[in-house]
Every structure is written in structure tokens, then in C-alpha cells.
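Here are the chains, one letter per residue:
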Amino acid sequence: MNNGAKGKNGIKVSDKEIMELIQSGDEKAFTELVTRYQDRLLNFVGRIVTDQETAEELIQETFLRIFNQKNSYAPEYAVSTWIYTIALNLARSELRKRKLRRFLSLDFLKEESDFEIPDKTNVAGEGMAPILQKAIDSLPEDYKRAFILCDVQRLPYQQIAEILRVPVGTVKSRINRARAMLRDKLKPYKEIYYELSRGIPQIISIH
Amino acid sequence: MNCRGVSRRLSAFIDNDLSPGIREAVEEHLRHCVPCKRQLTEFEAIVTAAQNLAPLSVSGGFCERVIKAVNSRQETLEVLSALRYRLSLAGVAFMVTSAAIFFLIGPPSPEPTMNISTTQDSYKNLPGNTDFYIHPETRISSFPVPERTQGNLLVEEELVPADSSFRTDEFILPTMENVRESVNDKF
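Student: What's the story with the overall build of chain A in this structure? I'm lost.
Tutor: A count of helical and extended segments in chain A gives ten helices and zero strands. Written out in order from the N terminus, the α and β elements of chain A read α-α-α-α-α-α-α-α-α-α. In chain A, once contacts between residues fewer than 6 apart in sequence are set aside, the share between residues at least 24 apart is 63%.

Student: Just checking my understanding: could you explain the overall build of chain B for this structure?
Tutor: Helix and strand counts for chain B come out as six helices and zero strands. Ordered by position from N to C terminus, the α and β elements of chain B give α-α-α-α-α-α. Taking all 187 residues of chain B together, 10% fall into the buried category. The contacts in chain B between residues at least 6 apart in sequence include a share of 52% that link residues at least 24 apart.

Student: Could you clarify how one ought to interpret helix α9 (residues 168-185) of chain A in this entry?
Tutor: An α-helix turns once per 3.6 residues; consequently, residues spaced three or four apart project the same way. Between the first and last C-alpha of α9(A) there are 26 Å, a value that for 18 residues agrees with the 26 Å anticipated at 1.5 Å per step. Where α9(A) is buried, its residues meet α6 (129-137), α7 (141-152) and α8 (157-164) of chain A together with α1 (3-14) and α3 (34-51) of chain B.

Student: I keep staring at the confidence of the model for chain B and nothing clicks. Help me out?
Tutor: Should pLDDT be low for a region, the predicted coordinates there are not to be read in detail. Put simply, chain B has an average pLDDT of 73, and 63% of its residues get 70 or more. In the predicted complex, the global pTM is 0.64; the interface-specific ipTM is 0.76.

Student: Would you explain the interface of chain B and chain A in this entry?
Tutor: One frequently used descriptor of interface size is the decrease in accessible area upon assembly of the parts. Listed per partner, the contact involves 30 residues of chain B and 37 residues of chain A. Elements represented by at least two residues in the side of chain B that touches chain A include exactly α1, α3 and α4 (62-105) of chain B. Looking at the side of chain B that touches chain A, the element that brings in the most residues is α3(B), giving nine residues. Its residues assigned to classes, the side of chain B that touches chain A shows 19 nonpolar, six polar and five charged.

Student: Is there a simple way to think about the packing of α1(B) against α3(B) in this case?
Tutor: Two measures define how a pair of helices packs: the angle their axes make with one another and the distance between the axes. All names here are of chain B. Closest axis-to-axis distance for the α1/α3 pair is 10 Å, and the angle between their directions is 25°. The angle between α1 and α3 places the two elements in the roughly parallel class. Remark: the crossing between α1 and α3 carries right-handed chirality. Across the interface between the two elements, Cys3, Val6, Ser7, Leu10, Ser11 and Ile14 of α1 pack against Pro35, Cys36, Gln39, Leu40, Phe43, Glu44 and Val47 of α3.

Student: Would you take a moment to explain the nonpolar core for this structure?
Tutor: When a protein is soluble and globular, its nonpolar side chains tend to lie buried together. Ranked by internal contacts, the top residues of the largest apolar core, which has 65 residues, are Val45(A), Ala87(A), Leu132(A), Ala146(A) and Phe147(A). Dropping the residues within four chain positions of it, Ala87(A) is found in contact with Leu41(A), Phe44(A), Val45(A), Leu58(A), Ile59(A) and Thr62(A).

Student: Where do I start with the confidence of the model for chain A in this structure?
Tutor: Residues and elements named next belong to chain A. Averaged over every residue, the pLDDT of chain A is 80; residues scoring 70 or more account for 75%. Predicted confidence in chain A is weakest over helix α5 (residues 120-126), with a mean pLDDT of 48, and strongest over α8, with 93. In the model, residues 1-5 has pLDDT below 50 throughout and makes nine contacts with residues more than four positions away in sequence or in other chains. Below pLDDT 50 for its whole length, residues 121-125 participates in five contacts with residues either more than four positions away or in separate chains.

Student: I tried to follow the packing of α7(A) against α9(A) on my own but got confused; where do I start?
Tutor: Residues and elements named next belong to chain A. Close contact between α7 and α9 brings their axes to 8 Å; oriented N to C, the two are set at 95°. In terms of axis orientation, α7 runs roughly perpendicular to α9. Taken together, the residues of α9 that come into contact with α7 (itself represented by Asp142, Tyr143, Lys144, Ala146, Phe147 and Cys150) are Val171, Arg174, Ile175, Arg177, Ala178 and Met181. Here the contact of α7 with α9 is built from residues that sort into eight nonpolar, no polar and four charged.

Student: Would you mind showing me how to read unusual backbone geometry here?
Tutor: Backbone geometry follows two general trends: most residues other than glycine have a negative phi, and most peptide bonds adopt the trans configuration. Residue and element names in this part refer to chain A. Even without being glycine, Thr50 reaches a positive phi, approximately 50°. Here Thr50 lies in the loop between α2 (27-49) and α3 (52-68). Residue Arg165 is not a glycine yet carries a positive backbone phi of 55°. Along the chain, Arg165 turns up in the loop between α8 and α9.

Student: Can you help me understand the environment of Asn2(B) in this one?
Tutor: The residue Asn2(B) is located in the segment before α1 in this model. Residues Asn2(B) and Ala25(B), 23 residues apart in the sequence, show an inter-C-alpha distance of 9.6 Å.

Reading the values: the criteria
Residues numbered from 1 in each chain as written. Chains lettered and ligands numbered in written order. Predicted model: local features only at pLDDT ≥ 70, side-chain atom pairs only at ≥ 80, totals over all residues. Helix = DSSP H or I, 4+ residues; strand = E, 2+ residues; numbered from the N terminus. Contact = placed C-beta atoms within 7 Å. Buried ≥ 20, exposed ≤ 12 C-beta atoms within 10 Å, placed from the backbone. Expected span 1.5 Å × (residues − 1). pLDDT = per-residue confidence, 0-100. Nonpolar A, V, L, I, M, F, W, Y, C, P; charged D, E, K, R; others polar. Axes fitted to C-alpha atoms, helices over the stretch in contact; angles between N-to-C directions. Parallel < 35°, antiparallel > 145°, perpendicular 65-115°, else oblique. Left-handed = near helix turned anticlockwise from the far one by under 90°. Core = buried A, V, L, I, M, F, W, Y, C linked by C-beta atoms within 7 Å.

Rendered as C-alpha cells:
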């Protein structure tokens, strides 16, 4: 991934070098790490918790933990794997809290709002992207994480396996299943997501 | 390779994560199987659509907020660390002082305990019979006597010999007749 961003002198500094600088107390290196990862983490955490404000809070907490536990980083793993793992743990914790709140407020008695097929006429106005995002949101959590890491974050299978702490075979199976589920959910919009796949940019926002 | 095998490997095929032999087998199947070819096209469209989703961006000033939060957390940790250091010092000082007082003054002397023997045991110390008895020199008048019965009792100053008939487990209070019978038997 973006392990070769340029430093202040135009020299490419890898993530591991940045971590070494942070460990030695370089505050500017930490700022560089935040700048490098803030949007990537938002595109991961934001699509899991589907709420930008909460996602930003979780990402801020991720960076706080990175700073406080900078000496516990093991160089044999990629920095991005370590960062994604911390962010994922926080996102999981947030989802557990939501589940508990939902249980305590007895909202679970209401019917789960699964992916609903919107009217095709609205799709033309709003674009396909919100529908695709909604379809991704409706995936089971394990499949959703694997799909986002693979198709949105574009991480390799091996790294996804390390982040999710499952075997590579399980990752492959989850991604294949997630794509098949999305295909089934989006069947009525086949022509439109074909359009989307041809590279027409779609604006999407999470609530 | 059959359709099921291909369907299972379609994602790995798209992501270029198959060994050359298996990839070739999948390609061979896709050349003549229309449903699998259609599924591949749909998968590719989903993947491309997901990759074309406009990326989300953090709100303005996010990086500054993170740096500020880190600095604030660091200050809090430093204060807590200093407080913990002081508290541990105070704890050590308290323990040392307590130990010094203990060794200087010594351990507190044990409370005097009252050795209460049972009534049964105290009877054993009495001379003569181990059972409860009235001592020969005990005056009858020493028994607590209600006033209204006093007239029936023995005259004062008269000695009463020790006898089993006077055991308190049989009589609470000797009557006049008991005493008289006892005296007649003896004399």
C-alpha cells in the first residue's frame, strides 16, 4: 500500500521508518502517520459503524492508542496491519455496545431492517452508490469486514487474514460469499451497477 | 473443473490469487460455460463498483484535534503518574513508621482473662462430700425465706447437722417437719 509516502525533504519514508521515529519521540512523525492513515481508516471504520461522527471518534482513539502503545509495535508485522487491527477492535467494541443498548431498549423486538429494494426511479436521481453502500451495510459483519478490506481498502488476502485473525482460506471464502450476496441483493440494478463499474464517480456520504 | 469448483474460485480468480495450474483450469471452464462467465462479469462489476465508491474524508481540523487529544492524554498520564509516585511514597513512609512504633513500644500485653470455673467444679473444692450439701455450721436462717412462711421455720441459732435429706436438689426449703424428723432420728 502507501508505504512509500514522501517525507518533508521529498525522501520516501516507509511506515516502519515513521514508527521508529515515533518510538524515538518524534512528534512530527506522528503527525505524518495521522495524515497518512486518517482517510484510509475512515473508509474502513466509517463503513463498518456507518456513522461519520462515531467513526472519527474511534479513529481518534485509534491514534491515541498507537501513540501510547508505540513501543508495543512488533516490526515483523506491517504497520498498516497493526493500525487496522486496533481500529477494528474499537469498531467491534462500538458495535457490541450498540447491540447491548439495542437489547436494553428492547428495540430488538422490532423487525430488523434488512436491505430494502428502493424504487428504481429514485436510483436515477441519487445514483447507485448509496444503494451499493446500503447493500454492503446489510451484509453479515464477518463478510462485510472482509469485503471492505478487500474491495474498498484493496488489501491483499494475507494481510486481511492477519487483521481479522482468521486463516487465508476463510478470508477467500468470506470475500467470495460477500460478493455473491451483493450480486443477489443488487440484481434489480444490474444495468446501473454496470454503469458504476465503468468508472462514473458516485458521491456517497454516510450518516 | 465443474461449475461449483469455478464458482468457489471466482473471487480468487478476479484477485489474481490462484496458482497457475488452477487458473488455467478456471479459464478453460469459463471459455465454454455461459452461466459461469455471466457470474464472473457480475462479480467484476460489483468489485469495480465498490472500488469506485467515492472515498470518505475526515472533517476539517481532524489531525489537529488528534494531536491535541494526544497531548492532553499525555498530561493526564503524567499527573496520574506523579500522583501514584507520591501515594506510593506516603504508603512506604506509613509502613516504616508503623513498624518503628511496633518495635519500640512492643506488642500490646494480652488482656487479663477471667478464669470462670463452672459451678460444678467449685463444688468439688468443698470439703467432704462432693455433692452439694449444707455445711453443719450453716444456719438455716441464712436461706432466703419469704416473710409469710417464716413462722413455720426452725428457731434461730439451732444447729442443723449435715444430712442427705437437706440436699437442695430435693428440697428448695426445709420445712419444720423435715427438720424435726431429722433431729429425732439423730437423737
